[in-house]
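# Breakdown of the fold
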Amino acid sequence: MNMIEKLEPILIFGAIILGLLFKDISLLNNISPLLITVFLALMLFALFLDIPLEDIRSSFSNRKFTIISILINFIWTPLFGYFLGSLFLYGHVDIFIGFFMLILTPCTYWYLLFTKISKGNVPLSLSILPINLLLQIILLPVYLVLFFSNSNNIVMLDLVDGLLTFIIIPFIGSEVVKFILRNKNKTKEKITGFFSSCQILFLCIAIFGLFNTEASSLFENLDVIGLIFIPLMIFFIVNFILDFILSRQLDFNYENYVSLTLTTLARNSPLALAIAIKSFPNNELIAIALVVGPLIELPVLYIVSRVLLYIQKKY
């Protein structure tokens, strides 16, 4: 894991601060919406390019781990997240949807950093990434329609547009590039390496654009942080306890226990942010809830990593 990846949380926080500081520069205000669309699409293209489809098979090398993590991430978590949202965010539909999208999408980046800090099984955590990515692509729109189709906030045409712009086109583009370069290993390595190293840059530019565009809305809705704080903390605490109990019951060693914990706790896939921006163009609070989430999540994950290291001594 290189230095840029280690600094990812700081870079993201810096992009947020810069976006807010430059909120009154009209030139940036005009181009920020374009920055969001272009660089989120580029970031997801780079992500798809970096993950071979055949790696999904390796996710099942440890079947016990894979099945448990899938059940937690894509069955338990959506149901639990919807329950928490109904309990704490009733009457705030936009924030509820943003919170739900945040909860539903397992992290595809910094969970590996915290897994390494906590001395977990990084290769095992990495092996589950492709299937987590595939399942959230498939299930995110399904769960949104299932739980929120009656809220009048889901516009199917916008949802399809978001999936087309940020999923289908970048995915097809990445597969075309892989096909063209299939017999050119050196060139393929250079191109893949370039886009892989730029993923965080693309994400930071998109986040800068989002906060620059929505700065006024954010300052007018600072209560979003307070609203999602309690349900998000309950989610972290309950899932942390659940991971510990299941790991003990299933005889996971410490390294695999850490991998399960961070894989099921870390949230905030950029994919959810991309779909929210394109699918809910008139509901900025949904996107704001998704980018406010890491401000709460990152300190929590750091604390969790320290607790895990303490548990290691007694595990």
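Whatever comes next refers back to the structure up there.
Let me sum up the structure you'll find in this document. Small disclaimer: the values here were computed from a predicted structure and weren't measured. (Residues numbered from 1 in each chain as written. Predicted model: local features only at pLDDT ≥ 70, side-chain atom pairs only at ≥ 80, totals over all residues. Heavy atoms only, no water.)

## Structural notes on the pattern of salt bridges
Any two side chains of opposite charge can pair, on the condition that their charged atoms come close. Taken as a whole and judged by the stated rule, the model has 2 salt bridges. For aspartate 24, the salt bridge identified is with lysine 23, shortest N-O distance 3.3 Å. Of the residues examined, aspartate 24 reaches a relative accessible area of 64% and is grouped as exposed. Among the salt bridges present, the one from glutamate 175 reaches lysine 178, with a minimum N-O distance of 3.1 Å. A residue pair is termed a helical-turn pair when its members lie 3 or 4 positions apart in one helix, as glutamate 175 and lysine 178 do in helix α9 (residues 156-180) at 3 residues. (Salt bridge = Lys/Arg side-chain N within 4 Å of Asp/Glu carboxyl O. Buried < 20%, exposed > 50% of the residue type's maximum accessible area, 1.4 Å probe, protein only. Helix = DSSP H or I, 4+ residues; strand = E, 2+ residues; numbered from the N terminus.)

## Notes on the packing of helix α8 (residues 122-148) against helix α12 (residues 254-265)
The interhelical angle for the contact between α8 and α12, taken along N-to-C directions, is 35 degrees, at an axis separation of 9 Å. Crossing angle aside, the handedness with which α8 passes α12 is right-handed. Between α8, through Val122, Leu124, Ser125, Ile128 and Asn132, and α12, the contact on the second element is made entirely by Asn256, Ser259 and Thr263. A breakdown of the residues in the contact of α8 with α12 according to their chemical character gives 3 nonpolar, 5 polar and no charged. (Axes fitted to C-alpha atoms, helices over the stretch in contact; angles between N-to-C directions. Left-handed = near helix turned anticlockwise from the far one by under 90°. Contact = heavy atoms within 4.5 Å. Nonpolar A, V, L, I, M, F, W, Y, C, P; charged D, E, K, R; others polar.)

## Structural notes on unusual backbone geometry
We note that lysine 119 has phi near 65 degrees; this positive angle belongs to a residue other than glycine. By secondary structure assignment, the location of lysine 119 is in the loop between α7 (111-117) and α8. If you check the backbone angles, aspartate 251 has positive phi at about 60 degrees while not being a glycine. As for its placement among the helices and strands, aspartate 251 is situated in the loop between α11 (223-249) and α12.

## Some words on the packing of aromatic side chains
Summed over the entire model, instances satisfying the criterion amount to 20 aromatic pairs. With a centroid separation of 5.1 Å and 80 degrees between ring planes, the pair formed by phenylalanine 45 and phenylalanine 195 is classed as edge-to-face. Of the two residues, phenylalanine 45 is situated in helix α3 (residues 26-50) and phenylalanine 195 in helix α10 (residues 185-220); the sequence distance between them amounts to 150 residues. Through a chain of ring-to-ring contacts, three or more aromatic side chains come together here, namely Tyr82, Phe96, Phe100, Tyr143, Phe147 and Phe148. Above the ring of phenylalanine 179, the side-chain terminus of arginine 182 is found at 4.1 Å from the ring centroid. (Phe/Tyr/Trp six-rings, centres within 6.5 Å; stacked < 30°, edge-to-face > 60°. Lys NZ or Arg CZ within 6 Å of the ring centre and 35° of its normal.)

## Observations regarding the side chain of serine 69
Within the secondary structure, serine 69 sits in helix α5 (residues 63-88). Serine 69 has contacts with Ile128, Leu260 and Thr264, leaving out every residue within four places of it along the chain.

## Here we look at the environment of isoleucine 12
Relative to the assigned elements, isoleucine 12 resides in helix α2 (residues 8-21). Sequence separation of isoleucine 12 and phenylalanine 208 is 196 residues, and the distance between their C-alpha atoms is 8.5 Å. Ignoring anything within four residues of it in the chain, the contact list for isoleucine 12 reads Trp110, Leu203, Cys204 and Ile207.

## Quick word on helix α6 (residues 93-104)
Its 12 residues give α6 an end-to-end C-alpha distance of 16 Å, which sits within 8% of 16 Å, the value for a rise of 1.5 Å per residue. The element α6 is extensively covered by neighbouring structure, given that 11 of its 12 residues are classed as buried. Residues Asp94, Ile95, Phe96, Ile97, Gly98, Phe99, Phe100, Met101, Leu102, Ile103 and Leu104 constitute the buried set of α6. Residues of α6 that are buried in the fold lie against α5, α8, α11, α13 (270-279) and α14 (284-312). (Expected span 1.5 Å × (residues − 1).)

## Section: a nonpolar patch on the surface
Together, Phe13, Ile17, Leu18, Leu21, Phe22, Ile25, Leu27, Ile31, Phe219, Leu222, Ile225 and Leu295 make up a nonpolar patch on the protein surface, roughly 1000 Å² of accessible area in all. Mapped by element, the contributors of at least two residues to the nonpolar patch are α2 and α3. Residue contributions to the nonpolar patch peak at 4 residues, all from α2. (Patch = residues over 30% accessible without salt bridge, like charges linked within 9 Å, V, L, I, M, F, W, Y side chains within 5 Å. Areas by Shrake-Rupley, 256 points an atom, 1.4 Å probe, with all protein chains shown as cover.)

## Quick look at the side chain of aspartate 243
Within the secondary structure, aspartate 243 is located in helix α11. With residues near it in sequence (within four places) discarded, aspartate 243 still touches Ile72, Tyr257, Leu260, Thr261, Thr264 and Leu265.

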